[in-house]
Amino acid sequence: MLSTASPDLIMSNHSFAAFAAMSKGDMAPDWLIRRVTVGWGLPPERTRLKLISVSENATFRVEIDGSPYAVLRVHRPGYVEPEQIRSKLQWVRALGNDMDVRVPSVLPLVDDSLVLTFGRSEAEGAAAAEAPWHVVAFAFIQGEVLEDIIDTLQDPASYYRRIGATTAVFHDHQQEWLRPQGFGRFQWGIADMLGESSRWGDWRGAQLTGTQFTVLPQAEERALEQVSGLEPGGAGWGLIHADLRPSNIMIHDDTLTVIDFDDCGYGWLLYDLASAFSFIEHEPYAPRIAKEWLKGYQEVRELSDKEIGHACALSMLRGLTMLGWTITHREDALPPAIWAAQVPGTVNVANQYLCSSVWIIE
C-alpha cells in the first residue's frame, strides 16, 4: 500500500508507478527483461527477474536456470543523473579494490560500460516525455541480511562494533581516494534532510497529535543548534555511505558484506553513525549497540567528545529525516512493526534527546 502523501516522491513519473503495483517475487515486465538480457548478454529464455523491493529504485533478483546470478537496480527515471550513478559504482569498485572490506562486485555490460540507459516506446507504455531509464547490476551475494537474523544471534552488539569499524575504514578511504574525473554525488546537508527542500519529504506531513507537534520541533531546534558550527565542505565532511545499517549488511560464514550504496553522497562523516540506527533509535537496546559502534569506529579513527556530541545531534535529525521518508514511501518498505513505531518512536527519541543530548550513548 502506498502512502497518499507526496506520491510524486515515490514515483516521480507515471512510468515508475507500474512497479508500485508489484509485490515481492513478481516477475519484471517484458520490456525490462528484454533490455537487461541484451545489455548483459544473458540467455532470455533462461533468465528471470523477480522483484525484491521498491523504494528510491526497484530492485530485482536475476536468476538463470533458477539459480541466483545478480541483483539489478532500476533507478527511477529523473531521480538521479547517470553520472551520479556511475560515480557510486566507481566508489564501490574502489573500496573493493583498495580496502580489506567486502562490497558487491559491479557487473559491467557486454560493452564494458557500467550503466544501462534506454528509453521506452509508446507500445511499451511509455509516457510522451518519459525520462531515460538507468539500470545497474551487481553480482549476487550469498548469505542473509543481518537485519533479518540479528535477533537470533548470540551477541548482536558485536556486529555493530564491526559495522562501526567498517564505517571508519570507509571514512579513511574517501579521505585519501583520488576521485575519477567527472565524479559527483549529491549532498546530505541540513536542507537535504529537513523541511520543504528535503530529499524524501518533510516530517511535518506525518499524522501527529498536538503534543507530538510540540516535542518534535523543540528537538529539531535543539539539534540544529548543536550542529550549527558544522559547515558543508569543512572539517568532518566527506563521502559517506549514509545508510550503513543491518538491512544493508549481508552475512555469510560470519563475514560481512556492505551493500546498497544508493544513498551515498557528501555529508558529515558522523551522519553514518546516525544512519546506522535508523528506525531503532527509540529501542531500549539502542544505547548499548551505539556504544559498540563507537568502540569499533574508534579502533580505526579517533573521535573527540565534541564530535560524539555532533553525532548524537545528527542522530536526532536523522530520526526526523526518516519520519519524513515514511510519509513518502510504501508501507511494505519496512516490516509492519517498525513502520507502526515511527511516529511514537521518533517522539520517544525527541523526549530523550531533550533530556540528554547524548542519550544514544548513555
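Residues numbered from 1 in each chain as written. Predicted model: local features only at pLDDT ≥ 70, side-chain atom pairs only at ≥ 80, totals over all residues. Heavy atoms only, no water.

K.L.:
Outline the overall build of the chain, listing residues and values.
P.N.:
The helix and strand tally for the chain stands at 13 helices and 11 strands. For a compact globule of 362 residues, the expected C-alpha radius of gyration is about 21 Å, and the chain comes in at 20 Å, within 12% of that figure. Projected onto its principal axes, the C-alpha coordinates of the chain cover approximately 60 × 45 × 45 Å. Every one of the 362 residues in the chain was classed for burial, and the buried ones make up 55%. For the chain, the share of sequence-separated contacts (at least 6 apart) that also reach a separation of at least 24 residues comes to 72%. Separation between the mean location of the 29 positive side-chain charges and that of the 47 negative ones in the chain comes to 3 Å. (Helix = DSSP H or I, 4+ residues; strand = E, 2+ residues; numbered from the N terminus. Rg over C-alpha atoms; globule rule 2.2 N^0.38 Å. Buried < 20%, exposed > 50% of the residue type's maximum accessible area, 1.4 Å probe, protein only. Contact = heavy atoms within 4.5 Å. Lys, Arg positive; Asp, Glu negative; His and termini not counted. Charge placed at Lys NZ, Arg CZ, Asp CG, Glu CD.)

K.L.:
Tell me about the side chain of T166, residues and numbers included.
P.N.:
Here T166 shows up in helix α6 (residues 156–176). Setting aside residues up to four positions removed in sequence, T166 forms contacts with V101 and V258.

K.L.:
Hey, could you go over the sheet that holds strand β4 (residues 116–118) for me, with residue numbers and the actual values?
P.N.:
Adjacent strands of a sheet form backbone hydrogen bonds with each other and so pair up, either parallel or antiparallel. The strand order across the open sheet built from 5 strands is β1-β2-β3-β5-β4, with neighbouring strands paired in antiparallel fashion. Lying at the two open borders of the sheet, with one neighbouring strand each, are β1 (47–54) and β4. Neighbour-to-neighbour, the strand axes of this sheet turn through a mean angle of 25°, independent of strand direction. Across 7 bridges, β1 lies against strand β2 (residues 57–64) in antiparallel orientation. In the sheet register, T47 faces β2, and the bridge partner there is I64. (Pairing = 2+ DSSP bridges. Axes fitted to C-alpha atoms, helices over the stretch in contact; angles between N-to-C directions.)

K.L.:
Quick rundown of the nonpolar core? Include the residues and the values.
P.N.:
Residues F261, F277 and L314 are the most contacted members of the largest nonpolar core, which totals 90 residues. Looking at which element gives the most residues to this core, the answer is helix α11 (residues 305–326), with 11 residues. Those residues in contact with L314 that sit more than four places away from it in its chain are M193, V227, W268, L270, Y271 and A274. Counting 27 residues, the second-largest nonpolar core is a separate cluster that includes F16, I33, V54 and I64. (Core = buried A, V, L, I, M, F, W, Y, C linked by side-chain atoms within 4.5 Å.)

K.L.:
Lay out the sheet that holds strand β10 (residues 255–258) with the relevant residues and their values.
P.N.:
On the basis of which strands lie adjacent, the open sheet formed by 3 strands has the order β6-β9-β10 and antiparallel pairing. This sheet does not close on itself; its edge strands, each paired only once, are β6 (144–145) and β10. Sitting on the sheet, α6 is in contact with β9 (249–252) and β10, with an inclination near 50° to β10.

K.L.:
Provide a residue-level description of unusual backbone geometry, including the pertinent values.
P.N.:
The backbone of A242 shows a phi angle near 75°, a positive value even though the residue is not glycine. Here A242 shows up in the loop between β8 (237–240) and β9. The buried category is assigned to A242, whose relative accessible area is 0%. Unusually for a residue other than glycine, D254 sits at a positive phi of about 65°. Its relative accessible area of 44% is what places D254 among the partly exposed residues.

K.L.:
Describe the packing of helix α4 (residues 82–98) against α6, with residues and values.
P.N.:
Remark: α4 packs on α6, axes separated minimally by 11 Å, with the N-to-C direction vectors making an angle of 105°. One finds that α4 runs roughly perpendicular with respect to α6. Between α4 and α6, the residues in contact are W91, A94, L95 and D98 and F170, H173 and Q174, respectively. (Parallel < 35°, antiparallel > 145°, perpendicular 65-115°, else oblique.)

K.L.:
Describe the packing of aromatic side chains, naming the residues involved and giving the relevant values.
P.N.:
What describes a pair of aromatic rings is the distance from one ring centre to the other and the angle between the planes of the rings. All told, the structure shown has 18 aromatic pairs when counted by the stated rule. The interplanar angle of 45° and the centroid separation of 6.3 Å between the aromatic rings of W203 and F213 together place this pair among those described as tilted. Of this pair, W203 sits in the loop between α7 (190–193) and α8 (210–226) while F213 is found in helix α8, placing the two residues 10 residues apart along the sequence. W203 sits in the buried class, given a relative accessible area of 1%. F213 sits in the partly exposed class, given a relative accessible area of 36%. The structure contains a cluster of three or more aromatic residues connected by ring pairs, namely F19, W31, F60, F118 and W133. (Phe/Tyr/Trp six-rings, centres within 6.5 Å; stacked < 30°, edge-to-face > 60°.)

K.L.:
Can you break down helix α10 (residues 286–298) residue by residue, with the values?
P.N.:
The end-to-end C-alpha distance of α10, which contains 13 residues, comes to 18 Å, matching closely the 18 Å that a straight helix rising 1.5 Å per residue would cover. All of the buried residues in α10 are A286, P287, I289, A290, E292, W293, L294, G296 and Y297. Each element contacted by the buried residues of α10 is listed here: α6, α9 (271–276) and α11. (Expected span 1.5 Å × (residues − 1).)

K.L.:
Now, about the state of the cysteines: what can you tell me, with residues and values included?
P.N.:
By definition, a disulfide links the sulfur atoms of two cysteine residues through a covalent bond. Enumeration according to the criterion identifies 0 disulfides in this entry. Here C312 is not disulfide-linked; the sulfur of C355 is the nearest cysteine sulfur, at 14 Å. Take C355: its relative accessible area is 73%, and that puts it in the exposed class. (Disulfide = S-S within 2.5 Å.)

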